[in-house]
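Okay, here's what each chain looks like letter by letter:
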Amino acid sequence: MTTNHNETTHQNMQTGTVPPSMNHGGHELFDVHEILSSTIGALNQAILLRPHVKDPELLDILDRQYRFTLDEYNITVECFKSGKDPSHPTQSYKMKEGNDFIYGMKPGQPKKPITDASQITDEIISGFLLGSAKAGASMKTMGACEVCNPVVRRVLADSVPNCIEMAYELSIYQNKHHYYQVPQLATQDMNELLNAFAPSQGQPGLPPLQ
């Protein structure tokens, strides 16, 4: 949810009071510009890939993620330009897939780049979409840590879990179709790693978390 910071005033040591639309640091401007440009690239890529999708399930994922990402792009542009709360808060993306991964490796042919556009497949398309979602999560996390404007920071921070959810939905889709296989460690090795850490009581005398 976007927190209302519209009444907060900020100061510039040389010029005095900073209006909301100018409440941005230099590093922030460059990072948000990069995030928005990358989002446009992801949206354009989805439009280009859409006619080549064969699986109705993948097409549904592409369309739902496109609509959601476009809305997030619009409210990010809105608050970036105004410095104020956007017309509506960031929504939460809800995937349709379950969350069951199939573990193990199934032998197959080694992967290699295609040599002609006619060779594009749903595996390749879902891989493009997954890469865009992962890139969005990384860029928005790094960008939010550099943003001075509290509204833009919150909009970007709220968008990160949505990128993660989209990536998770696509990885489950790929896994179900054996495009993305997930090996497991031997039971003994897994148990060693799972039990490698223990909780701590912390420093005696510290007040408890509220």
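Residues numbered from 1 in each chain as written. Predicted model: local features only at pLDDT ≥ 70, side-chain atom pairs only at ≥ 80, totals over all residues. Heavy atoms only, no water.

(A) Expanded view of the pattern of salt bridges. All told, the structure shown has eight salt bridges when counted by the stated rule. Between Glu123 and Lys111 there is a salt bridge, with the nearest N and O atoms lying 2.4 Å from each other. On the criterion of sequence distance, the pair formed by Glu123 in helix H3 (residues 122-144) and Lys111 in the loop between helix H2 (56-82) and H3 is long-range, its members being 12 residues apart. Using a relative accessible area of 25% as the deciding quantity, one classes Glu123 as partly exposed. A relative accessible area of 64% means that Lys111 is categorised as exposed. One salt bridge connects Arg154 with Asp158, and the closest N-O pair in it is separated by 3.1 Å. Of the two residues, Arg154 and Asp158 both sit in helix H4 (residues 150-176), four residues apart, roughly one turn of that helix. Relative accessible area serves as the criterion here: at 24%, Arg154 is assigned to the partly exposed category. Classification of Asp158 by relative accessible area gives buried; the value is 15%. Residues participating in the shared-partner salt-bridge network are Asp60, Arg64, Lys96 and Glu169. (Salt bridge = Lys/Arg side-chain N within 4 Å of Asp/Glu carboxyl O. Helix = DSSP H or I, 4+ residues; strand = E, 2+ residues; numbered from the N terminus. Buried < 20%, exposed > 50% of the residue type's maximum accessible area, 1.4 Å probe, protein only.)

(B) View of the confidence of the model for the protein chain. Residues at a pLDDT of 70 or more form 88% of the protein chain, whose mean pLDDT is 88. Confidence, read as mean pLDDT per element, is least for strand S2 (residues 16-18) in the protein chain (53) and greatest for H3 (97). (pLDDT = per-residue confidence, 0-100.)

(C) The environment of Lys176, seen in detail. Inspection of the secondary structure puts Lys176 in helix H4. Once the C-alpha coordinates of Lys176 and Ile102 are considered, the two residues, 74 residues apart in sequence, prove to be 6.9 Å apart. Leave out the neighbours within four places in its chain, and Lys176 touches Glu57, Glu97 and Ile102. Only 2.7 Å separates the side chain of Lys176 from the side chain of Glu57, close enough to count as a polar contact. (Contact = heavy atoms within 4.5 Å. Polar contact = N/O pair within 3.5 Å; in protein donor to acceptor, adjacent residues only side chain to side chain.)

(D) Just the nonpolar core, in detail. Core analysis: the largest hydrophobic core is formed by 19 residues, its most contacted members being Leu58, Ile125, Leu129 and Leu170. When residues in this core are grouped by element, the largest group, five residues, is from H4. Once residues within four sequence positions are removed from consideration, Leu129 is found in contact with Gln45, Ala46, Leu49, Leu58, Leu62 and Leu170. Grouped together as the second largest cluster of nonpolar side chains are 12 residues, Ile35, Leu36, Val151 and Val152 included. (Core = buried A, V, L, I, M, F, W, Y, C linked by side-chain atoms within 4.5 Å.)

(E) Representation of empty space enclosed by the protein within the structure. All told, the structure shown has two cavities of 30 Å³ or more when counted by the stated rule. Estimated volume of the second largest cavity: approximately 40 Å³. Forming the boundary of the second largest cavity are Ile35, Leu36, Thr39, Thr69, Glu72, Tyr73, Thr76, Lys140 and Leu156. Contributions of two or more residues to the lining of the second largest cavity are made by helix H1 (26-49) and H2. Among the elements that line the lining of the second largest cavity, the one with the most residues is H2, at four residues. A per-class count over the lining of the second largest cavity returns four nonpolar, three polar and two charged. (1 Å grid on protein atoms, 1.4 Å probe; cavity = no way out; pocket = protein on both sides within 12 Å on 5 of 7 lines; lining within 4 Å. Points joined across faces, edges and corners; volume = space filled by probe spheres on them. Nonpolar A, V, L, I, M, F, W, Y, C, P; charged D, E, K, R; others polar.)

(F) Layout of the packing of H2 against H4. In the contact formed by H2 and H4, the axes pass within 11 Å of each other and the chain directions differ by 170 degrees. Put simply, H2 runs roughly antiparallel to H4. On H4, the residues that touch Glu57, Leu58, Ile61, Arg64, Gln65, Phe68, Thr69, Glu72, Ile75, Thr76, Cys79 and Phe80 of H2 are Val151, Val152, Val155, Leu156, Ser159, Asn162, Met166, Glu169, Leu170, Tyr173 and Lys176. Class assignment for the residues of the contact of H2 with H4 results in 13 nonpolar, five polar and five charged. (Axes fitted to C-alpha atoms, helices over the stretch in contact; angles between N-to-C directions. Parallel < 35°, antiparallel > 145°, perpendicular 65-115°, else oblique.)

(G) Region of interest: unusual backbone geometry. One non-glycine residue, His178, adopts positive backbone phi at about 65 degrees. Inspection of the secondary structure assignment puts His178 in the loop between H4 and helix H5 (187-194).

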